[in-house]
Amino acid sequence: MKKTLLNTLLSSLILYTSVSLAADAIKPNVTILATGGTIAGSSKSNLDTTDYKAGSLDINVLINAVPEINDVAIVKGEQISNTISGNISSEILLNLSKRVNHLLNEGKQQGVVITHGTDTIEETAFFLELTTQNKQPIVIVGAMRPATAISADGPMNLLESVVLAADKKAENRGVMVVLNDRIGSAFYTTKANSTTPDAFKSYEPGYLGVFVSGKPKFYYTPAQPVDRTFFDVSKVDKLPNVEIIYAYQDQTPTMLHAAINNGAKGIIVAGSGNGNVSSNMEEAIKQLSDKGIPVVMATRTGSGYVSSKSFAIGSGFLNPQKSRILLQLALATGANLKQISNYFDSQR
């Protein structure tokens, strides 16, 4: 009797294990690469949404806090860095891009998720957009409230990002940004508010899709930005210094000259309106352009198109911070002034 009962229990255990293994076998693999930020932030007060310590929690803590992730995919976490997004360096960007390419080129991952601080998430997302060529989903996610806050948005954002990375319908859409139930293109999504959960916008082209009850709903068939440029950074170990200068009334070229004298290889100007500057600045920029130093005119307005100038390159639809990323990559891969101008022309 006891032996029969034992055999029955053993058979049931074997069957349960087999079913569990079979279920896991059909789940997609998704790797989460963590860099820190608010999504990994904590504070002594659950009301604190501004003075917390970002990048204080390990990726495994974040994964374990959302057990529903395991129903979606076989998830593995890797800690690339654990810092505020303002400290994301060229070294971290290059390591991250190379790791994403390695994981996806292996063919074992359905998708990759990157956790990141929101302040510069759009820059890292855009960098990955220009340095990856995989059909699998690459999703970058953050949070506007730390993990310790009441109604923290990180857990849901993380779950939705894994759902998206595991979804075949998310393939061939480039790098995507997920926050506040929205799916945005890395090419166009930007942070438009300093503190609220709905901080991210995609003003000109709109969003790619939205999450409804945790499921992605796309507005369009798979598509990528027109004339998207790809840069192979597999052999790049450092990005050149490119500075951003903010334009204002009656501006002198003091900061422009200081940037070049301190080693800047290119300049982005956040100009007024359609990338406009004072006459003094325009003349100084023309002199730099004549010397072969690339200067790109963007806009400080927050959105809109910047046309090319007689004295400088126009950024098209790219904002100052994304223009900086594109110029860094162009310079790092040896592009000359004409080639750089063509790269920005391809965005218009």
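Note that the coordinates shown come from a computational prediction; the quantities given were computed from them, not determined experimentally.

K.L.:
Got a minute to help me understand the pairing of strand 5 (residues 175-179) in this structure?
P.N.:
The side chains of a regular strand alternate, first on one face of the sheet and then on the other. Among the five residues in strand 5, five count as buried, and that is most of the element. Alternating residues of strand 5 divide into Val-175, Val-177 and Leu-179 and Met-176 and Val-178, and every residue in both groups is buried. Here four bridges tie strand 4 (residues 138-141) to strand 5, and the two strands are oriented parallel to one another. Paired with Val-139 across the bridge in strand 5 is Met-176. Taken together, strand 4, helix 5 (residues 154-165) and strand 5 form a β-α-β motif whose crossover is left-handed. Bridge analysis of strand 5 against strand 6 (residues 182-185) gives four bridges, and the strand direction is antiparallel.

K.L.:
What should I look at first to understand the UniProt feature "active site" (unreviewed entry) in the protein chain in this one?
P.N.:
According to UniProt, the "active site" (unreviewed entry) feature falls on Thr-38 and Thr-118. In three dimensions, the annotated residues from a span of 81 residues occupy one location, with a maximal C-alpha spread of 7.2 Å. Within the element layout of this structure, Thr-38 appears in the loop between strand 1 (29-36) and helix 2 (59-64). Within the secondary structure, Thr-118 sits in the loop between strand 3 (111-115) and helix 4 (121-131). Those residues in contact with Thr-118, other than ones at most four positions away along the chain, are Ser-85, Gly-142, Ala-143, Met-144, Leu-179, Lys-191 and Phe-200.

K.L.:
Just to check I follow, could you spell out the sheet that holds strand 12 (residues 266-271) for this structure?
P.N.:
Whether parallel or antiparallel, the strands of a sheet pair through hydrogen bonds between backbone atoms. Taken together, four strands build an open sheet; the order of strands is 11-12-13-14 and the sheet is parallel. Among the strands making up the open sheet, the edge pair consists of strand 11 (242-246) and strand 14 (313-314). Where strand 13 (residues 295-299) and strand 14 come together, two bridges link them in parallel fashion. By the bridge assignment, Val-296 is partnered in strand 14 with Ile-313.

K.L.:
Before we go on, may I ask you to explain the environment of Ile-39 in this structure?
P.N.:
Tracing the backbone through its elements, the reader meets Ile-39 in the loop between strand 1 and helix 2. Through-space distance from the C-alpha of Ile-39 to that of Ala-170 is 23 Å; in sequence the pair is 131 residues apart. Leave out the neighbours within four places in its chain, and Ile-39 touches Leu-62, Thr-115, His-116, Gly-142, Ala-143, Ala-147, Gly-154 and Leu-158.

K.L.:
Just to check I follow, could you spell out the pattern of salt bridges for this structure?
P.N.:
When charged atoms on two side chains of opposite charge get close, those side chains can pair. All chains considered together, the criterion is met by eight salt bridges. Residue Glu-78 pairs with Arg-99 through a salt bridge whose shortest N-O separation is 2.7 Å. Here Glu-78, found in strand 2 (residues 74-83), pairs with Arg-99, found in helix 3 (residues 90-105); they are 21 residues apart in sequence, far enough to count as distant. A salt bridge links Glu-129 to Arg-228; the nearest nitrogen and oxygen atoms lie 2.9 Å apart. Of this pair, Glu-129 sits in helix 4 while Arg-228 sits in the loop between strand 10 (215-218) and strand 11, and the two are 99 residues apart along the sequence. Sharing partners across several salt bridges, the network here consists of Lys-76, Glu-78 and Arg-99.

K.L.:
I would appreciate a short explanation of the UniProt feature "binding site: substrate" (unreviewed entry) in the protein chain in the present structure.
P.N.:
Per the UniProt record, "binding site: substrate" (unreviewed entry) is annotated on Ser-85, Thr-118 and Asp-119. A maximum C-alpha distance of 6.9 Å among these annotated residues, which run over 35 residues, shows that they cluster at one spot. A relative accessible area of 4% means that Thr-118 is categorised as buried. With respect to the helices and strands, the residue Asp-119 is situated in the loop between strand 3 and helix 4. Asp-119 sits in the exposed class, given a relative accessible area of 55%. When residues no more than four places from it in sequence are discounted, the contact partners of Asp-119 are Ser-85 and Lys-191.

Conventions adopted
- Residues numbered from 1 in each chain as written.
- Predicted model: local features only at pLDDT ≥ 70, side-chain atom pairs only at ≥ 80, totals over all residues.
- Heavy atoms only, no water.
- Buried < 20%, exposed > 50% of the residue type's maximum accessible area, 1.4 Å probe, protein only.
- Helix = DSSP H or I, 4+ residues; strand = E, 2+ residues; numbered from the N terminus.
- Pairing = 2+ DSSP bridges.
- Right-handed = clockwise from strand over helix to strand, strands pointing away.
- UniProt positions renumbered as here; feature names shortened; annotations may be inferred.
- Contact = heavy atoms within 4.5 Å.
- Salt bridge = Lys/Arg side-chain N within 4 Å of Asp/Glu carboxyl O.

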